[in-house]
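# Structural overview
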Amino acid sequence: MEKISLDNKAIFVTGAAGFIGSNLVKRLFKDVKGATIVGIDNMNDYYDVRLKEYRLEELQKSVPEGTKWEFIKGDIADRDIIDTIFGKYQPAVVVNLAAQAGVRYSITNPDAYIQSNLIGFYNILEACRHHPVEHLVYASSSSVYGSNKKVPYSTDDKVDNPVSLYAATKKSNELLAHAYSKLYNIPSTGLRFFTVYGPAGRPDMAYFGFTNKLREGKTIEIFNFGNCKRDFTFVDDIVEGVVRIMQGAPSKQQGDDGLPLPPYAVYNIGNSSPENLLTFVDILQQELIRAEVLPADYDFEAHKKLVPMQPGDVPVTFADTSALERDYGFKPSTSLRDGLRAFAEWYHRYYME
């Protein structure tokens, strides 16, 4: 592994107004000295744009002295914008978090996934080829494991049976990155995120949608009759993992044939302790009551309904994080209670004060 210092470097973060992207930039502001951090986001309306604007405003308020922060409204599927950014800033480290997310949306709006997740990522790879970078880190997803029966999910498992277009695009990202790492010796690391949640998260995620519905007195539907298990990972744990991985790139090595061995790696970042969806929802409503998002006498039982599985969903996600622990000394550990408490308190501040 090649150690990389982030200080005084240009760092390019795509999806910078997104949930993980904005939290990563905030953390880089805190930890990295003298950096030029360039963010891009297309600010699409897949969910409420005001939330993306709020995240950007929060970033603008926290730019430290000595750090340059540049935000560009643009789409990574636009080759000219990407080429211009790489030509102007020559980023040393690139973190590609821009993607069309969501399993269910990929069933109704496949075009968005091809544009962002395939064409956009290809543009990033081409730019890294023509403007050599020290490390390309990119978001993959636990959805690549499909309906694998073996748990916990290991990056050594075969993942050739995606059950959604979203999962297929994320697996494609890993394959494309491997090819570019092999052909052009670009150090790249893919990160399979497991159900990320937290303050100012994505409203299309279950916990956020549940909160909105419960507050409106509507009934929430819990899929697979509550028997889904998810490796819920708090956003700060994800960011900690990303920052550590940014600073350790796969080593460039020659193979026996004299050609480069691909400096390529993939890691899981998850809590490695899957929780039953019913447990998750129960803790969520307790924390919403505690944060006074819901009244103390809220009748939770009257507002939940157990329903069958949806197309594209999987019954369990469970991360084997042993490789992350071995190589980077890190294991996500934020408890569900602490993470949902942080979300509930943020929700009250954002929507109710």
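Residues numbered from 1 in each chain as written. Predicted model: local features only at pLDDT ≥ 70, side-chain atom pairs only at ≥ 80, totals over all residues. Heavy atoms only, no water.

### Some details on a nonpolar patch on the surface
On the surface, Phe225, Leu278 and Leu306 cluster together into a nonpolar patch covering about 250 Å² of accessible area. Structurally, the position occupied by leucine 306 is in strand 17 (residues 304–306). (Patch = residues over 30% accessible without salt bridge, like charges linked within 9 Å, V, L, I, M, F, W, Y side chains within 5 Å. Areas by Shrake-Rupley, 256 points an atom, 1.4 Å probe, with all protein chains shown as cover. Salt bridge = Lys/Arg side-chain N within 4 Å of Asp/Glu carboxyl O. Helix = DSSP H or I, 4+ residues; strand = E, 2+ residues; numbered from the N terminus.)

### Brief notes about the packing of helix 3 (residues 79–89) against helix 5 (residues 110–130)
The N-to-C vectors of helix 3 and helix 5 enclose an angle of 30°; their axes lie 10 Å apart at closest approach. The handedness of the crossing between helix 3 and helix 5 comes out as right-handed. Counting all contacts with helix 3, which are made through Arg79, Ile82, Asp83 and Phe86, the residues of helix 5 involved are Tyr122, Asn123, Ile124, Glu126, Ala127 and Cys128. Per-class residue counts for the contact of helix 3 with helix 5 are 6 nonpolar, 1 polar and 3 charged. (Axes fitted to C-alpha atoms, helices over the stretch in contact; angles between N-to-C directions. Left-handed = near helix turned anticlockwise from the far one by under 90°. Contact = heavy atoms within 4.5 Å. Nonpolar A, V, L, I, M, F, W, Y, C, P; charged D, E, K, R; others polar.)

### A look at the pairing of strand 15 (residues 264–269)
Of all 6 residues making up strand 15, 5 are buried, and the element is well covered by its neighbours. One ladder, built from 6 bridges, connects strand 7 (residues 188–193) with strand 15; its direction is parallel. Looking at strand 15, one finds that threonine 189 is bridged to alanine 265. (Buried < 20%, exposed > 50% of the residue type's maximum accessible area, 1.4 Å probe, protein only. Pairing = 2+ DSSP bridges.)

### What about the sheet that holds strand 6 (residues 135–141)?
The 7 strands are arranged 4-3-2-5-6-7-15 in an open sheet whose pairing can be described as parallel. Looking at strand neighbours, the two that pair on one side only are strand 4 (68–73) and strand 15, the edges of this open sheet. Taking the axes of each pair of neighbouring strands and ignoring which way they run, one obtains an average angle of 15° across the sheet. Where strand 5 (residues 93–96) and strand 6 come together, 4 bridges link them in parallel fashion.

### A few points about the environment of histidine 348
As for its placement among the helices and strands, histidine 348 is situated in helix 11 (residues 336–352). In this structure, the C-alpha to C-alpha distance between histidine 348 and glutamate 292, residues 56 residues apart in sequence, is 7.3 Å. Aside from chain neighbours lying at most four places away, what touches histidine 348 is Ala291, Glu292, Val293 and Glu353. Within the local environment of histidine 348, its side chain forms a polar contact with the side chain of glutamate 353, the two groups lying 3.2 Å apart. (Polar contact = N/O pair within 3.5 Å; in protein donor to acceptor, adjacent residues only side chain to side chain.)

### Concerning the nonpolar core
Inside soluble globular proteins, nonpolar side chains tend to come together where they are buried. Core analysis: the biggest nonpolar cluster contains 75 residues, and Leu24, Leu28, Phe193, Tyr207 and Met246 have the highest contact counts within it. Here this core takes 7 residues from helix 8 (residues 235–246), the largest share from any one element. Residues contacting leucine 28, with those up to four places away along its chain left out, are Leu6, Ile11, Val13, Ile37, Val243 and Met246. Core analysis: the next-biggest nonpolar cluster, separate from the first, contains 22 residues, Ile82, Ile85, Leu136 and Tyr180 among them. (Core = buried A, V, L, I, M, F, W, Y, C linked by side-chain atoms within 4.5 Å.)

### What about the pattern of salt bridges?
With the rule as written, the count across this model stands at 19 salt bridges. Two residues, arginine 27 and aspartate 31, come together in a salt bridge whose shortest N-O distance is 2.6 Å. On the criterion of helical spacing, the pair formed by arginine 27 and aspartate 31 is a turn pair, its members being 4 residues apart in helix 1 (residues 19–31). Note on arginine 27: relative accessible area 19%, which makes it buried.

Keep in mind that these numbers describe shape and distance, not what the molecule does.
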